[in-house]
Amino acid sequence: MSDTEMQPRAEPLAGSLATVGLSKSFGGVRAVDDATVTFLPGKINAVIGPNGSGKTTYFNCVTGMIKPDSGSVSYRGNDITGRPPHRIAQAGIGRSFQLCRIFPRMTVLENMLVSVRSGTVLGKLVSARQRTDIDRARELLTRVGIDHLEHAEARDLSYGQQKLLELAGVLMADPETIMLDEPAGGVNPALIDRIGGLVRTLNSEGKTFLIVEHNMDMIMSLSDHIVVFDRGSPIAAGAPEVVQDDPRVLEAYLGV
Amino acid sequence: MTGSLLLQSLVLGVLLGGLYALLAAGLTLYFGVMRVVMIAHSAFLILAAYLAWYFSQQTGLDPLLSLVFTVPLFFGVGVVMQRLLISRLRPATLTMMSVLLTFSVALVIEGTLGFLFGGTHRRIQLPYAGTSFEIFGANIALVKLIAFGLAAIALAGLYVLLKFTPLGQALRATIQHPEAAQLVGINTDRVAGYGFGLGLATAAIGGTALALDSTIYPSLHWHWIGPLMAIIVVGGLGSIPGAAIAAMALGLGQSLLQIPLGTTWAQTFFYLALFATLMLHPQGFFGDRLAQRF
Amino acid sequence: MRNDSSRTVVASSAAGWPRARVAKLTGLLALVVFVVAFPRMAADPFILSVGVIIMSYAVLATSWNFVGGFTGYISLGHASYSGLGGYATVLLILHTGVNPWLAMFLGGVIVALLAIPIGIASLRVRGASFVIVSIALVLILLLVFQSWGSFTGGSNGLRVPRPFGDEVLRPEQHERFFYLHAVLLAIAVLCWWLIDRSRFGTGLKAIREDEDKAQSLGVPTFAYKLVVFVISAFFTALGGGMYALWFGFLDPIFQFSILTGSYMVLMSLLGGIRNVFGPILGAVIVGYAMEFFKAQYGDTQIHLVALGVLLGIVVLFMPDGILPALRGLVIRFRPQATSIREVTQEELTRDATGSREESATDRGTGTKEEVSG
């Protein structure tokens, strides 16, 4: 690791999401390799890198979908390494998936009511859907602009609408940190603008973002802090204009 | 318990374990290539046993000769079954729906056998049925040895095929990582079909071996599917060596427990091993990434 | 033009809401009336006994559907719980002399408690292990109950003491048990409906649709699955216990039969697992067909073939069941449905993301009104 000097292994910032030496291999291929990253709380962080550089695997390790082989993940001073995904979600980290994942045979409104931030199973069993939850769901649907579809089955929505639904569903639990895996993937320019706008507004309301994205225009205009991955490891980090000119980043992307 | 009785049980356990290992390898193949729990595996086993019995009854020839046509037939049926039935299911619900589909196939086979041959217990009359010999004081029937030999040869053949042929390589790649296999140009659909064919071929061989020294009847397959499924869970779903080792271990355990407990209670050993495995080590003892998810 | 059609939509969907509800309530009322009147209409005790059998299947299939319908986990071994429920009820009566109905309830509780470790073993990982355990459990229980003669009566079976005195004649017995089963069914249906409306139910359905995604949204999937599994085992055991009290005899071969479990699956799937009434409809169709088959052809092996073929057809060609298919037909043939859909589409493309938003994929089902029903 040649880049440790720029990723100091000091105590992560209070309130931030950070990983230290996170690694994960699949049958000899090191998908994530000793990733030590600290994300800035309250900011829009981006994770970029060439295809197959381990960004999604990294996301999956952070959110507990995959158990890392070694290393640790901490959030707001707590070690959350290897916790089951629902615990990590309940700790306040929401995420979307690369190929948009919604619940196809449930209505849009039902999709919104899945998320759980707290409470016991028994509590959920006896409580009917709360009026307040439904109101909140409608408010969020209005916010992303698909409130008129609340009774439609999610599978009948267009891909763009499904993406908006997924985002709204993540917001339902009111997570402090939101991880988006390719929010602009497969959607038209108008919708990219719209999603970008939403991210910006939510950020101004205090949400921290971690975004994996290939759309450079979006990343450069949106993010405060960029981490560049190559072959499973972070090779550079900093403000957009700094990262843009980093020779290691150019090398990784262009293979110079 | 005397030493020779113990030895006898050990030898019988190994002989039984060999057959279990072959059949569990087949079950693992289906699961590996398509994530399908093939409930009908043991129904095909009994079907092959019936075919061997019917063949020897009609022709008067040795039932082992029925392998000449049952193995290719079962291979073909496996490929067709994968292509026409299993591959039609939606990927999202594949695991569950394939269970139901193969379960219904098992019912059809059991019902058809019952309809054609009745519920009567059948047994092949072999000229060498009574032949047995002593190994270190253990009395072993020749038919059991033949059955074991058959299973061992088939298992070795399967091993060679998986390890040293291009098809085997494609199969292993598909089992380990279907997406990656596709990326390197393997037609995983076709490979899955062959995987199914091979799995059913093990049932054909196992069934013939079974017919040599067992009484068969249509609903017998339920006695086999439980232990076989226990074996593949203990071995770790998708791991062929794991299945073979677990088969040997559980076969031996069953055989040894028969001495103090009797045949019926000894069978519960499989289920206890199944529950213990899921409680303590849900991915099985030789399982990999695959088993953790299922 | 656009304004006009929009207004039409609002008007018709506003009127459609109560209409759908009225239709549903009318249907429910008709069903209740039919159930209440059935014993009077039944021509002879045999028909009435078929009614009891179908009612029992409806209870079992509905109980099965707590797991199958909500989570999508297919259990082929639910006969374990009905069988255990039956045996628990009878053994409690025989050994403690407790009131039969209390014994039935206690039997349900005991089975629910037993279901906890079973659920822990089989639900921690995904579907395959669950299926394997469900089948293994039936096989092991059959083995145990056949062999443990001193306690369970073994292969000879167990005679069940009658809950009603001998002075109550057969037809009267049938009638009482028909109603008792109906009450149990109503309770199970009510529970299913309550869960369906709860946040818990939403989480369960999310597990059925996409378990990883549900967990990423904070749903404790294992705990949810375990709870609904225990509820399902409880109701199945009650169903088994009540059937035992009616039938009067327990034979391990039939109590712990893989076929009983597969009937529950077939009925639920055929009717539609995502609807509370699906399993009941399936129970009526399959139960009637089975009794008809038995009466016509006796107990041959052909019924196995028929069961297998039917199950295969359902799995391959109509995994959603009859009720959704019927609903689809209704939607297709309702005249105003198309106009609503067109405008909804138009609205949605206009409102959602401006004119450049790609139009909704046309998969033929689910407009505003119908889906919500």
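Fair warning: this is a prediction, and the values are worked out from it, not measured in the lab.

Colleague: Can you tell me about the overall build of chain A, naming the residues and giving the values?
Modeller: On a plain count of helices and strands, chain A comes out with 10 helices and 10 strands. Within chain A, the proportion of its 256 residues that are buried is 59%. Sequence separation of at least 24 residues holds for 68% of the intrachain contacts in chain A that already meet a minimum separation of 6.

Colleague: Tell me about the side chain of Asp251(C), residues and numbers included.
Modeller: All names here are of chain C. Turning to its location among the elements, Asp 251 is positioned in the loop between β2 (249-250) and α11 (252-255). Buried charge without a partner: Asp 251 forms no salt bridge, and the closest opposite charge is Arg 159, 10 Å away. In this structure, Asp 251 is in contact with Tyr 87, Ser 155 and Gly 157, ignoring residues within four places of it in sequence.

Colleague: Give me the sheet that holds strand β9 (residues 225-230) of chain A: which residues, what numbers.
Modeller: Residue and element names in this part refer to chain A. On the basis of which strands lie adjacent, the open sheet formed by 6 strands has the order β6-β7-β8-β3-β9-β10 and mixed pairing. Unpaired on one side and paired on the other, β6 (93-95) and β10 (233-238) mark the two borders of the sheet. This sheet shows a mean twist of 20 degrees between the axes of neighbouring strands, independent of strand direction. Bridge count for strand β3 (residues 44-48) against strand β8 (residues 208-212) is 4 bridges, and the pairing is parallel. Its bridge partner being in β8, Ala 46 is matched across the sheet by Ile 211.

Colleague: Explain the sheet that holds strand β2 (residues 29-38) of chain A residue by residue, including any values.
Modeller: Residue and element names in this part refer to chain A. Overall, antiparallel pairing links the 4 strands, which are arranged β2-β1-β4-β5 in an open sheet. Only two strands of the sheet have a single neighbouring strand rather than two, namely β2 and β5 (78-79). Relative to β5, strand β4 (residues 70-75) runs antiparallel, the two being bridged by 2 bridges. Residue pairing across strands places Ser 74 opposite Asp 79, the latter belonging to β5. Sheet strands in contact with helix α1 (residues 55-62) are β1 (17-26), β2 and β4, and its direction is about 115 degrees off that of β1.

Colleague: An account of empty space enclosed by the protein is requested, with residue identities and associated values reported.
Modeller: Residues and elements named next belong to chain A. Inspection of the entire model under this criterion finds 8 cavities of 30 Å³ or more. Looking at the second largest cavity, its volume works out to about 90 Å³. Ser 96, Phe 97, Lys 163, Leu 164, Glu 166, Leu 167, Leu 180, Asp 181, Glu 182, Pro 183 and Ile 195 together form the lining of the second largest cavity. Within the residue set of the lining of the second largest cavity, elements represented by two or more residues are α6 (159-172) and β7 (177-181). Among the elements that make up the lining of the second largest cavity, the one with the highest residue count is α6 (4 residues). Looking at the lining of the second largest cavity residue by residue, the classes come out as 6 nonpolar, 1 polar and 4 charged.

Colleague: Mind laying out the confidence of the model for chain A, listing which residues take part and the relevant values?
Modeller: Within chain A, residue pLDDT values average 84, and 88% of them lie at 70 or more. This model gives residues 1-12 of chain A a pLDDT under 50, and the stretch forms 20 contacts once residues within four places in sequence are excluded.

Colleague: Give a description of the packing of aromatic side chains that names residues and reports values.
Modeller: Between two aromatic rings, the relevant description is the distance of the centres plus the angle of the planes. By the definition in use, this model includes 36 aromatic pairs over all chains. Following the ring pairs from residue to residue traces out a cluster consisting of Tyr50(B), Trp53(B), Tyr54(B) and Phe117(B). Lying across the ring of Phe97(A), Arg101(A) places its NZ or CZ 4.4 Å from the centre. The ring of Phe164(C) has Arg176(C) lying over it, and the distance from NZ or CZ to the ring centre is 4.7 Å.

Colleague: Please set out the pairing of β10(A) residue by residue, giving values where relevant.
Modeller: Residue and element names in this part refer to chain A. Most of β10 sits inside the fold, with 6 of its 6 residues counted as buried. Strand direction decides the pairing type here: β9 and β10, joined by 5 bridges, are antiparallel. Its bridge partner being in β10, Val 227 is matched across the sheet by Ala 237. Between the antiparallel neighbours β9 and β10 lie 2 residues, among them Arg 231 with a positive phi of about 45 degrees.

Colleague: Describe helix α4 (residues 100-123) of chain C, with residues and values.
Modeller: Residues and elements named next belong to chain C. Over its 24 residues, α4 extends 33 Å from the first C-alpha to the last, a length consistent with the 34 Å expected when each residue adds 1.5 Å. The sharpest bend along α4 reaches about 30 degrees and sits at Pro 117. Two or three places before Trp 101, at the opening of α4, Asn 99 has a side-chain oxygen 2.7 Å from that residue's backbone nitrogen.

Colleague: Which residues make up a positive patch on the surface, and what are the values?
Modeller: Residues and elements named next belong to chain C. A grouping of Arg 21, Lys 24, Arg 197 and Arg 327 is seen on the molecular surface, where their side chains present a positively charged patch. Inspection of the secondary structure assignment puts Arg 21 in helix α1 (residues 2-41). With relative accessibility at 53%, the residue Arg 21 sits in the exposed group.

Colleague: Tell me about the packing of α4(C) against helix α10 (residues 221-247) of chain C, and name the residues and values.
Modeller: Residues and elements named next belong to chain C. The geometry of α4 relative to α10 is characterised by a closest axis approach of 7 Å and an angle of 145 degrees between their N-to-C directions. In the crossing of α4 with α10, the sense of the turn from one axis to the other is right-handed. Residues that form the contact of α4 with α10 fall into these classes: 22 nonpolar, 4 polar and 1 charged.

Colleague: Which residues make up the nonpolar core, and what values do they have?
Modeller: Membership of the largest hydrophobic core comes to 259 residues, with the highest contact counts inside it found for Leu165(A), Met38(B), Ile39(B), Phe44(B), Ile231(B) and Phe66(C). Residues Phe59(A), Val62(A), Ile88(A) and Phe229(A) belong to the second largest nonpolar core, which totals 23 residues.

Colleague: Can you tell me about the environment of Ser198(C), naming the residues and giving the values?
Modeller: Positionally, Ser198(C) belongs in the loop between α7 (170-197) and α8 (199-209). In terms of polar contacts, Ser198(C) uses its side chain to reach the backbone amide nitrogen of Phe200(C), at 3.3 Å.

Colleague: Could you give an account of the pairing of β4(A), naming the residues involved and the relevant values?
Modeller: Put simply, side chains in a regular strand alternate between the two faces of the sheet. Residue and element names in this part refer to chain A. In terms of strand pairing, β1 meets β4 through 5 bridges, oriented antiparallel. Within β4, the residue paired with Thr 19 across the bridge is Val 73. The turn joining β4 and β5, which pair antiparallel and follow one another in sequence, is formed by 2 residues; a positive phi near 50 degrees is taken by Arg 76.

Colleague: Give a detailed account of unusual backbone geometry, specifying residues and quantitative values.
Modeller: Backbone geometry places Arg231(A), a non-glycine residue, at a positive phi of 45 degrees. Tracing the sequence through the fold places Arg231(A) in the loop between β9 and β10. Judged by relative accessible area, which is 65%, Arg231(A) ranks as exposed. Its identity as a non-glycine residue notwithstanding, Arg35(B) has a phi of 60 degrees, on the positive side. Mapped onto the elements, Arg35(B) comes out in the loop between α1 (3-34) and α2 (41-59).

The rules behind each value
Residues numbered from 1 in each chain as written. Chains lettered and ligands numbered in written order. Predicted model: local features only at pLDDT ≥ 70, side-chain atom pairs only at ≥ 80, totals over all residues. Heavy atoms only, no water. Helix = DSSP H or I, 4+ residues; strand = E, 2+ residues; numbered from the N terminus. Buried < 20%, exposed > 50% of the residue type's maximum accessible area, 1.4 Å probe, protein only. Contact = heavy atoms within 4.5 Å. Lys, Arg positive; Asp, Glu negative; His and termini not counted. Salt bridge = Lys/Arg side-chain N within 4 Å of Asp/Glu carboxyl O. Pairing = 2+ DSSP bridges. Axes fitted to C-alpha atoms, helices over the stretch in contact; angles between N-to-C directions. 1 Å grid on protein atoms, 1.4 Å probe; cavity = no way out; pocket = protein on both sides within 12 Å on 5 of 7 lines; lining within 4 Å. Points joined across faces, edges and corners; volume = space filled by probe spheres on them. Nonpolar A, V, L, I, M, F, W, Y, C, P; charged D, E, K, R; others polar. pLDDT = per-residue confidence, 0-100. Phe/Tyr/Trp six-rings, centres within 6.5 Å; stacked < 30°, edge-to-face > 60°. Lys NZ or Arg CZ within 6 Å of the ring centre and 35° of its normal. Expected span 1.5 Å × (residues − 1). Bend = angle between axes of the 7 residues up to and from the residue. Polar contact = N/O pair within 3.5 Å; in protein donor to acceptor, adjacent residues only side chain to side chain. Patch = residues over 30% accessible without salt bridge, like charges linked within 9 Å, V, L, I, M, F, W, Y side chains within 5 Å. Areas by Shrake-Rupley, 256 points an atom, 1.4 Å probe, with all protein chains shown as cover. Charge placed at Lys NZ, Arg CZ, Asp CG, Glu CD. Left-handed = near helix turned anticlockwise from the far one by under 90°. Core = buried A, V, L, I, M, F, W, Y, C linked by side-chain atoms within 4.5 Å.

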